[in-house]
Amino acid sequence: MTRLSSSFPADRAALVAFVTGGDPTTADTGAILDALVEGGADIIELGMPFTDPMADGPAIQAANIRSLSAGTKTADILNIATAFRERHPSVPLVLMGYANPMTIRGADWFADACANAGVDGVICVDIPVEEDDSLGDALRAKDVAVIRLATPTTDTERLPEILNNASGFLYYVSVAGITGLQQAAQASIEEAVARLKAGTDLPVAVGFGVRTPEQAADIARVADGVVVGSAIVEIIAEHGANAAPHVKDYVKSLSDAIRSAR
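In this text, all values refer to a predicted model and were calculated from it rather than measured experimentally.

Some details on the overall build of the protein chain
Item 1. Scanning the protein chain from N- to C-terminus turns up 11 helices and 9 strands.
Item 2. Here the protein chain has a C-alpha radius of gyration of 17 Å; the compact-globule value for 262 residues is 18 Å, and the two agree.
Item 3. Principal axes of the C-alpha set define a box for the protein chain whose edges measure 45 × 40 × 35 Å.
Item 4. Of the contacts made within the protein chain by residues no fewer than 6 positions apart, 71% connect residues no fewer than 24 positions apart.

This is the structure in structure tokens:
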């Protein structure tokens with residue numbers, strides 16, 4: 001079993017926690033990642049900062065700006081990943097971001113770098129499945145999972161295309177729009193998860209707009225994973241270099257709610 005496949009327990013949902021790498025600085029990110037693990041996150045998503053994060057709302061856009069303003073480069077993200085893997089050999093780490101930083105040096109270079117850093121999977125927001133060969137083949141050749149996104153507009157005809165060559169888990173974006181600003185109705189999430197799980201054996205993790213332990217618990221009753229990002233990023237924005245203990249406490253409140261949901 002891979003780290004990713006073993007991180008979705010049979011008796012509860014997994015907590016997937018996102019932060020932007022290099023926010024507020026690369027020196028601070030390691031402690032924040034450790035806080036996510038200590039708080040009970042099962043899977044870590046490390047965002048690669050980008051100048052035009054078009055799928056993200058104000059909180060993560062601001063985190064990207066803070067990170068880039070601090071001088072964060074792709075090499076720094078990979079160094080953060082490498083150090084994380086040394087400290088946490090069993091915790092899955094996923095890089096999430098946009099095509100340009102991932103492909104500018106070539107797909108093979110990026111796939112090699114991911115494998116060498118101990119990265120388990122990659123979510124690339126802006127490469128459609130029709131262009132999978134621009135990155136996906138290279139990642140799969142290095143046993144790095146290609147994690148795909150499904151949305152409320154993903155219909156029964158489109159879903160098999162999205163699932164083709166997908167691995168790790170399926171990330172269900174529960175609202176049509178940017179991160180952090182909206183929360184989908186629970187009934188629509190339940191309907192969507194049931195439909196997606198009928199089409200795949202991959203775990204289905206639900207994100208976008210999850211902020212409270214109560215929301216996380218509701219989703220955890222029907223989904224295989226709960227993804228939380230913007231709310232964590234906002235804590236980092238508020239506390240800066242001192243964010244780690246606050247992040248840990250918040251993540252623990254989510255983890256406790258998820259673990260008691262079923």
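Thoughts on the sheet that holds strand S1 (residues 14-20)
Item 1. Strand order in the open sheet formed by 9 strands is S5-S4-S3-S2-S1-S9-S8-S7-S6, and the pairing between neighbours is parallel. Whereas interior strands pair on both sides, the edge strands pair on one side only; in this sheet they are strand S5 (145-146) and strand S6 (148-150).
Item 2. The pairing of strand S4 (residues 121-124) with S5 spans 2 bridges and is classified as parallel. Opposite Gly121, over in S5, you have Ala145 as the bridge partner.
Item 3. Of the strands in this sheet, strand S2 (43-47) and strand S3 (93-97) touch helix H3 (residues 74-87), which is tilted by about 165° from S3.

Overview of the packing of aromatic side chains
Item 1. Under the defined criterion, the tally for this structure stands at 3 aromatic pairs.
Item 2. With 5.4 Å between their ring centres and 25° between their planes, Phe50 and Tyr98 make a pair best called stacked. Note that Phe50 is positioned in the loop between S2 and helix H2 (58-69) and Tyr98 in the loop between S3 and helix H4 (99-103), a separation of 48 residues in sequence.
Item 3. Tyr98 sits in the buried class, given a relative accessible area of 3%.

Some thoughts on the packing of H3 against helix H5 (residues 107-117)
Item 1. For the pair H3 and H5, interaxial distance at closest approach is 8 Å and the crossing angle is 30°. Taken as axis vectors, H3 and H5 run roughly parallel relative to one another. From H3, Thr74, Leu78, Ala81, Thr82 and Arg85 reach across to H5, where they touch Trp109, Ala113, Cys114 and Ala117.
Item 2. In terms of residue class, the contact of H3 with H5 is built from 6 nonpolar, 2 polar and 1 charged.

Digging into the nonpolar core
Item 1. One finds Leu36, Leu95 and Ile232 to be the most contacted residues of the largest nonpolar core, which totals 74 residues.
Item 2. For this core, the leading source of residues is helix H11 (residues 244-259), giving 7 residues.
Item 3. For Ile232, the contacting residues outside a window of four places in its chain are Ala17, Phe18, Val19, Leu36, Val247, Tyr250 and Val251.
Item 4. Formed by 21 residues, the second largest nonpolar core is a distinct cluster that contains Phe18, Ile43, Ala145 and Phe208.

Regarding the side chain of Ser7
Item 1. If you trace the backbone, Ser7 turns up in the segment before S1.
Item 2. Look past the residues within four positions of Ser7 in its chain and what remains in contact with it is Ala14, Asp42, Ile43 and Pro92.

A look at the pattern of salt bridges
Item 1. The full count for this structure, using the stated rule, is 16 salt bridges.
Item 2. In this structure, Asp112 and Lys142 form a salt bridge, with 3.1 Å as the shortest nitrogen-oxygen distance. Linking Asp112 in helix H5 with Lys142 in the loop between helix H6 (136-141) and S5, this pair joins segments that are 30 residues apart in sequence.
Item 3. When its relative accessible area of 33% is taken as the criterion, Asp112 is described as partly exposed.
Item 4. Among the residues examined, Lys142 registers a relative accessible area of 40% and is labelled partly exposed.
Item 5. By sharing partners, the salt bridges in this structure join Asp132, Asp137, Arg140 and Arg148 into a single network.

The rules behind these values
- Residues numbered from 1 in each chain as written.
- Predicted model: local features only at pLDDT ≥ 70, side-chain atom pairs only at ≥ 80, totals over all residues.
- Heavy atoms only, no water.
- Helix = DSSP H or I, 4+ residues; strand = E, 2+ residues; numbered from the N terminus.
- Rg over C-alpha atoms; globule rule 2.2 N^0.38 Å.
- Contact = heavy atoms within 4.5 Å.
- Pairing = 2+ DSSP bridges.
- Axes fitted to C-alpha atoms, helices over the stretch in contact; angles between N-to-C directions.
- Phe/Tyr/Trp six-rings, centres within 6.5 Å; stacked < 30°, edge-to-face > 60°.
- Buried < 20%, exposed > 50% of the residue type's maximum accessible area, 1.4 Å probe, protein only.
- Parallel < 35°, antiparallel > 145°, perpendicular 65-115°, else oblique.
- Nonpolar A, V, L, I, M, F, W, Y, C, P; charged D, E, K, R; others polar.
- Core = buried A, V, L, I, M, F, W, Y, C linked by side-chain atoms within 4.5 Å.
- Salt bridge = Lys/Arg side-chain N within 4 Å of Asp/Glu carboxyl O.

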